[in-house]
Amino acid sequence: MDDRLARFSESISFDHRLYKQDIRGSIAHAKMLCRQSLLSADEFLSIERELRDIESILDRGEMPFRIELEDIHMHIEQTLIDRLGDTGRKLHTARSRNDQISTDLRLWVRESLDAVDGLLKNLQRAFLKRCTMDEGVVVPAYTHMQRAQPVLAAHYWLAYVEKLERDRTRLADCRRRCNVCPLGGAAVAGTSLPIDRHYSAELLEFEDVAANSIDISSDRDFAVESVFVLTMISQHLSGWAEEWILWSTTEFGFIKLPHAFCTGSSIMPQKVNPDTLELTRGKSARVVGNLQTLLVLIKGLPLAYNRDLQEDKPPLFDSFDTVIACLELAIPIVEQSELQPQIISARLDQGYLDATALMETLIARGMPQRTAHHKVGALVAIAKSRSVALVDLTDVEIQSIDETLDGSIRTTLGVSGAVRSYKSYGSSGPEQVAHQIQRWTDKLSP
Ligand code: ARG
């Protein structure tokens, strides 16, 4: 092989990360071969012993990588052959690197999905804990980035818990399709040798056995799908990061980020920069890009294995690394940030956050919605012209808009009155939020 091709085609520089999965798959395969009398018991035991020793060498980072051995599969197999000779040469019976890489990758993705799920759960718990920490605090909810209606901070935090829950259900769904055993599909057509694929699958704790050897050789859906799941997670994290960057500005002043996760400026001594959140937002771009890379990679590939598929690993690994790193930082930031209730409440009367609640009071008294909307709009205009809150309008001003109205409409005014008035399922009313906190506490308890 020309040196240039060896350098061009090697994957050991990145697929060495699969060594534990590769060894686990090989031991299961050898055990199955032994049970099927394709290996003797002695041969299996020496293969297993040497593979475990090779694993410990790899654990210690002591295996020299050689590009002429191309990938992790050949490094491990060649080392085995160097040690065991013909016995080592038997391991690859009824197997090809095509089903081998798919097995390794599925094992790796399965484990990594579980790691992500654990972090998502901890992030949900961090938001849930905030619900107690910030009990009773009312914040403005925004639509179009304009102040819309007052809500409980806890309701805000639970919005993130819901998003993360959808991420977890997507992840679980992806895991099911990943958790299917390709081993024994061989190159593309299966094998004439008497293997037992169900036994290999059982040893590797796969839930099912892939049923078509051609599909096995080509399928990377599980990898692409896992990166889509990660892309959605990174979108959620990016939106959250953007929000807390804004909330931590002097202009908002809603939240104080923990200094351990902020940086300073070399020239402006007063600065506390939210770099972790900015990078979380920025790194979501990589994950989106990785998804794009994988989709384009598989686009137009004919059946079955094509070497293009080797290129799936860098974007796959990078997506998991990136999202795991972001989640590991998001958890302490959510736990340790401090909401600033005084600053928030001092400005809560600005923006007529109680206008919708007032409108609903009028509707409850029998006024058609469009009419009530119009009348409250007129009241807001009067209040705005005098730079006062709705609660400060005089009886005369109220009656100038509608003589059937009087001062009694003031009872639902003010943000706390508005928050108390929400009753519908999933709303920000105190009873509804308490119900949701209880539901999540039950769901997320260990
Ligand atoms: N390094 C390869 C990959 O990641 C392993 C499979 C190679 N198979 C082959 N027939 N050359 O896709």
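Source: prediction; values computed, not measured.

Criteria and cut-off values
- Residues numbered from 1 in each chain as written.
- Predicted model: local features only at pLDDT ≥ 70, side-chain atom pairs only at ≥ 80, totals over all residues.
- Heavy atoms only, no water.
- Phe/Tyr/Trp six-rings, centres within 6.5 Å; stacked < 30°, edge-to-face > 60°.
- Helix = DSSP H or I, 4+ residues; strand = E, 2+ residues; numbered from the N terminus.
- Buried < 20%, exposed > 50% of the residue type's maximum accessible area, 1.4 Å probe, protein only.
- Lys NZ or Arg CZ within 6 Å of the ring centre and 35° of its normal.
- Near = heavy atom within 4 Å.
- Polar contact = N/O pair within 3.5 Å; in protein donor to acceptor, adjacent residues only side chain to side chain.
- Areas by Shrake-Rupley, 256 points an atom, 1.4 Å probe, with all protein chains shown as cover.
- Nonpolar A, V, L, I, M, F, W, Y, C, P; charged D, E, K, R; others polar.
- Core = buried A, V, L, I, M, F, W, Y, C linked by side-chain atoms within 4.5 Å.
- Contact = heavy atoms within 4.5 Å.
- Pairing = 2+ DSSP bridges.
- Disulfide = S-S within 2.5 Å.
- Expected span 1.5 Å × (residues − 1).
- Axes fitted to C-alpha atoms, helices over the stretch in contact; angles between N-to-C directions.
- Parallel < 35°, antiparallel > 145°, perpendicular 65-115°, else oblique.
- Left-handed = near helix turned anticlockwise from the far one by under 90°.

Points about the packing of aromatic side chains
Under the criterion given, the structure shown has 13 aromatic pairs. Note on F127 and W157: the rings are 6.3 Å apart at their centroids and 35° apart in plane angle, and the pair reads as tilted. Residue F127 is located in helix α7 (residues 97-133), and its partner W157 is located in helix α8 (residues 153-178); the two are separated by 30 residues in the primary sequence. For the ring pair Y156 and W247, a centre distance of 5.0 Å and an interplane angle of 55° mean the geometry is tilted. Of the two residues, Y156 is situated in helix α8 and W247 in helix α11 (residues 221-247); the sequence distance between them amounts to 91 residues. Take Y156: its relative accessible area is 14%, and that puts it in the buried class. Among the aromatic residues, those joined into a ring-pair cluster are F127, Y142, Y156, W157, Y160, W240, W244, W247, F252 and F254. Sitting over the face of the ring of F317, R17 holds its NZ or CZ atom 4.7 Å from the ring centroid. Lying over the aromatic face of Y199, R35 brings its terminal NZ or CZ to 3.9 Å of the ring centre.

What about the site of the ligand?
Looking at the ligand, the residues that line it are S11, D71, H73, R97, N98, I101, Y305, Q310 and K313. D71 places a polar side-chain atom, nitrogen or oxygen, 3.1 Å from a nitrogen atom of the ligand. In this structure, K313 approaches the ligand through a side-chain N or O atom, which is 2.7 Å from an oxygen atom. For the ligand, whose free accessible area comes to 340 Å², the fraction covered by protein is 87%. With three residues, the top contributor of residues to the shell around the ligand is α7. For the shell around the ligand, a count of residues per class yields two nonpolar, four polar and three charged.

So, the nonpolar core
Grouped together as the largest cluster of nonpolar side chains are 98 residues, with contacts concentrated most on F127, W240, W244 and W247. Setting aside residues no more than four positions away along its own chain, W244 makes contact with F127, R130, W157, I255, L257, L277, I333, V334 and S337. Of all hydrophobic cores here, the second largest spans 19 residues; its members include L362, V376, I382 and L393.

A short note on the pairing of strand β2 (residues 146-152)
Bridge count between strand β1 (residues 138-143) and β2: six bridges; the pairing is antiparallel. Among the inter-strand pairings, A141 is bridged to a residue of β2, identified as Q149. In this antiparallel pair of consecutive strands, β1 and β2, the connection spans two residues, and H144 shows a positive phi of 55°.

A word on the side chain of S102
The topology assignment puts S102 in helix α7. Relative accessible area serves as the criterion here: at 0%, S102 is assigned to the buried category. The residues touching S102, leaving out its near neighbours within four places in the chain, are P182, I216, R220 and F222.

Some remarks on the state of the cysteines
Counting across every chain of the model gives zero disulfides. You can see C178 has no disulfide; the closest cysteine sulfur is in C174, sitting 6.2 Å from it.

A few points about unusual backbone geometry
Omega for the bond connecting L303 with A304 falls within 30 degrees of zero, at 0°, which places this linkage in the cis form. Examined against the element boundaries, A304 turns out to sit in the loop between α12 (275-298) and α13 (313-336). Even without being glycine, M145 reaches a positive phi, approximately 60°. Overall, M145 belongs to the partly exposed group, its relative accessible area being 45%.

Digging into helix α5 (residues 72-84)
Between its terminal C-alpha atoms α5 stretches 18 Å, which fits the 18 Å expected from 13 residues at 1.5 Å a residue. Those residues of α5 not exposed but buried are I72, H73, H75, I76, E77, T79, L80, I81 and L84. Looking at the buried residues of α5, the elements they touch are α2 (12-15), α3 (19-35), α4 (41-59), α6 (86-89) and α7. Structurally, the start of α5 carries an N-cap: the backbone nitrogen of H73 is 3.3 Å from a side-chain oxygen of D71. Downstream of α5 by a residue or two, G85 has a phi angle that is positive, lying close to 60°.

Some points on the environment of G61
For G61, the location among the structural elements is in the loop between α4 and α5. A residue is classified by how much of its surface remains accessible, and G61, at 60% relative accessible area, is exposed. Put simply, G61 and Y305 are 244 residues apart on the chain and 30 Å apart in space, counted from C-alpha to C-alpha.

Thoughts on the packing of α3 against α5
Relative orientation of the contacting elements α3 and α5 amounts to 55°, with a least axis distance of 10 Å. Taken together, the axes of α3 and α5 are oblique relative to one another. Between α3 and α5 lies a crossing of right-handed hand. Where α3 abuts α5, its residues Y19, D22 and I23 lie against I72, H73 and I76.

With respect to the environment of N98
Positionally, N98 belongs in helix α7. Each C-alpha atom of the pair N98 and V188 lies 7.9 Å from the other, and the pair is 90 residues apart in sequence. Once you skip the residues sitting within four places of it in the chain, N98 turns out to touch A186, A187, S217 and Y305.

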